[in-house]
Structures are given as C-alpha cells and as structure tokens.
Amino acid sequence: MQVVVFKLNDQEFAFNIQSVKEIIKITTITQVPNAQESVKGIINLRGMVTPIINLSEKFGLQEKPVTDHSRIIILNISKSTIGVIVDSVTEVLIFKDEDILAPEDELLVVEQFIYGIGMLPDRLLILLKPEEILGGIPQGA
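Residues numbered from 1 in each chain as written. Predicted model: local features only at pLDDT ≥ 70, side-chain atom pairs only at ≥ 80, totals over all residues. Heavy atoms only, no water.

### Looking at the sheet that holds strand β1 (residues 2–8)
Moving on, step 1. Ordered in space as β8-β1-β2-β11-β10-β9, the six strands form an open sheet in which the pairing is mixed. Of all the strands in the sheet, the pair left with one neighbour each is β8 (88–94) and β9 (100–101).
Moving on, step 2. Pairing between β1 and β8: six bridges, direction antiparallel. Across the sheet, K7 pairs through a bridge with S88, a residue of β8. (Pairing = 2+ DSSP bridges. Helix = DSSP H or I, 4+ residues; strand = E, 2+ residues; numbered from the N terminus.)

### Some details on the packing of aromatic side chains
Moving on, step 1. Under the definition given, this model contains four aromatic pairs.
Moving on, step 2. Within the aromatic cluster, the residues linked to one another by ring pairs are F6, F13, F15, F59 and F113. (Phe/Tyr/Trp six-rings, centres within 6.5 Å; stacked < 30°, edge-to-face > 60°.)

### Overview of the sheet that holds strand β6 (residues 71–77)
Moving on, step 1. The five strands are arranged β3-β6-β7-β5-β4 in an open sheet whose pairing can be described as mixed. Only two strands of the sheet have a single neighbouring strand rather than two, namely β3 (20–25) and β4 (39–45). Averaged over all pairs of adjacent strands, the angle between strand axes in this sheet comes to 30°, irrespective of strand direction.
Moving on, step 2. Here β6 pairs with strand β7 (residues 80–86) via seven bridges, running antiparallel. Note on β7: the bridge partner recorded for I74 is G83. (Axes fitted to C-alpha atoms, helices over the stretch in contact; angles between N-to-C directions.)

This is the structure we're talking about:
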C-alpha cells in the first residue's frame, strides 16, 4: 500500500494514495453559515465547489496556525471530492501488508476512522479511512 504521510499537531497520519487527488497550498476558503464545526468552508477548485474540513478539529486535536507548510489534501471518495487541512505533507511511503496492524478497538476511541497502524523501524503511522472520517459532511459533486 502506498500512502501520503501528513502531520496534524505533530502527530503523523496517512491516507492511501489512491484516495488522494492532489495536494494544494492553503487558499481562500469561503465560510458556509451553519456548517458543522469541523467544516471550514468551500473553495473553488478549477470550477468545482469543494468542501474543506479541518482534520485537527474533527479529531479533537489542538488546531495549529496556518503556516507556509500547511496544505489542503484533496481526496476522491466514491464520486465526491473533499479537501482536508493538514499542518504539512511530509512524504510518500510504501507499506507491505505485514507492516500494517489492525487497530485495537478497546484502545482507540476513533477506531472507526483508522484503517490500521503502519509500522516503520523508527515510528508508527496511523493509516486513516477517508470515507469514514468524512461521513456526514456535505460533499462536492
């Protein structure tokens, strides 16, 4: 499995690269009244209205200020496109199946969001299921 690794509040997470359409710099985000708390707003992505969510807020992590390293990861989920704000995108890695552990539901409160734990010699990565994280959030067409 090939993954895109990113940071949120100094923790490392990853999405399967097949879900990632592109990675863009932070742009002007138009707020939407009465949107869910984690929904930052919408952007115009080459003529397509794309909802943007703040993944730190969705996970209950402390939000860091936007920097030059901040990015929006544009994800394709089913037939929808949505963007997530992350602190930085760091690398692309390849995991063998044997290097991915299933999450332990007793230990992980947000287990439904987690595909698995990617084991590297020097660190662990939380591999996320974008379709579960974005459940219930309005998605662009």
